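These are the residues of each chain, in order.
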Amino acid sequence: MTQNGSNGTVKLLGTWSSPFALRGRIALHLNSVEYEYIEEATKPGRQSLPSRHCSFLGSLRRRKVLLNRSMRWLERKKTPGGAAAGNLMGCLVALEEAFQKSSKGGGFCGGENIGFVDIVCEAIVGPFSVIEVFSGVKLLSPDVTPGLVQWAERFRAHEAVKPYMPSVAEFVEFAKQKLNAQ
């Protein structure tokens, strides 16, 4: 993000799939800051800025390796009682408990309004959705993590998030294209 000294225009460079650009857009919207968004193309048919400007594309190879490892790990742990799968679910239960305490009965981490922690945590919404679709393993479920499931739904539907947050289908399609996955 840059600010042009001559006219005070804030410019944000990113891609629709970048969690960093998404966080910036949400924060700027919530704070009523006017800005110019310069998008690097990641969808077919769009013109592209040089990819060195986009952190997501710059680390795509590493992300593909991590996703493939995650997929293999989840595939091995689909059987009930796997120690690593139990550890993951234990972490999600701990995250659910932390959300319940920090939300103070409200819809977001700090209460009734989206805050810094919500904006940071949005990064798990898309990747978890993709991993769930590819692996068939439900990471967030109403039975185990009801607060997080409701938080994700409220977060995606919020007027400051909805115009910028890609849908699960868009995340999955993007992952299929970029990672050559089926």
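Residues numbered from 1 in each chain as written. Predicted model: local features only at pLDDT ≥ 70, side-chain atom pairs only at ≥ 80, totals over all residues. Heavy atoms only, no water.

- Under an unreviewed UniProt entry, the protein chain has the name Glutathione S-transferase and belongs to Brassica cretica.
- A UniProt comment under Function (unreviewed entry) is attached to the protein chain, and it reads "Is involved in the conjugation of reduced glutathione to a wide number of exogenous and endogenous hydrophobic electrophiles."
- Among the UniProt annotations of the protein chain, the heading Catalytic activity (unreviewed entry) holds the following wording: "RX + glutathione = an S-substituted glutathione + a halide anion + H(+)". (UniProt positions renumbered as here; feature names shortened; annotations may be inferred.)

A closer look at helix H1 (residues 19-30)
Logical step 1: Along its twelve residues, H1 runs 16 Å from first to last C-alpha, staying within 8% of the 16 Å computed at 1.5 Å per residue.
Logical step 2: Listed in full, the buried residues belonging to H1 are Pro 19, Ala 21, Leu 22, Gly 24, Arg 25, Ile 26 and Leu 28.
Logical step 3: Two residues or fewer past H1, Ser 32 is found with a positive phi of approximately 55°. (Helix = DSSP H or I, 4+ residues; strand = E, 2+ residues; numbered from the N terminus. Expected span 1.5 Å × (residues − 1). Buried < 20%, exposed > 50% of the residue type's maximum accessible area, 1.4 Å probe, protein only.)

Structural notes on the side chain of Ser 141
Logical step 1: Residue placement: Ser 141 occurs in the loop between helix H6 (125-135) and helix H7 (146-157).
Logical step 2: A relative accessible area of 15% means that Ser 141 is categorised as buried.
Logical step 3: In this view, Ser 141 contacts Pro 146 and Val 149; residues no more than four positions away in its chain are not counted. (Contact = heavy atoms within 4.5 Å.)

Here we look at the confidence of the model for the protein chain
Logical step 1: In the predicted model, the protein chain carries a mean pLDDT of 75, and 69% of its residues have values of at least 70.
Logical step 2: No element of the protein chain has a lower mean pLDDT than helix H2 (residues 55-58), which averages 39, and none a higher one than H7, which averages 91.
Logical step 3: Contacts from residues 46-61, a stretch scored under 50 in pLDDT, to residues over four places away or in other chains number 30 contacts. (pLDDT = per-residue confidence, 0-100.)

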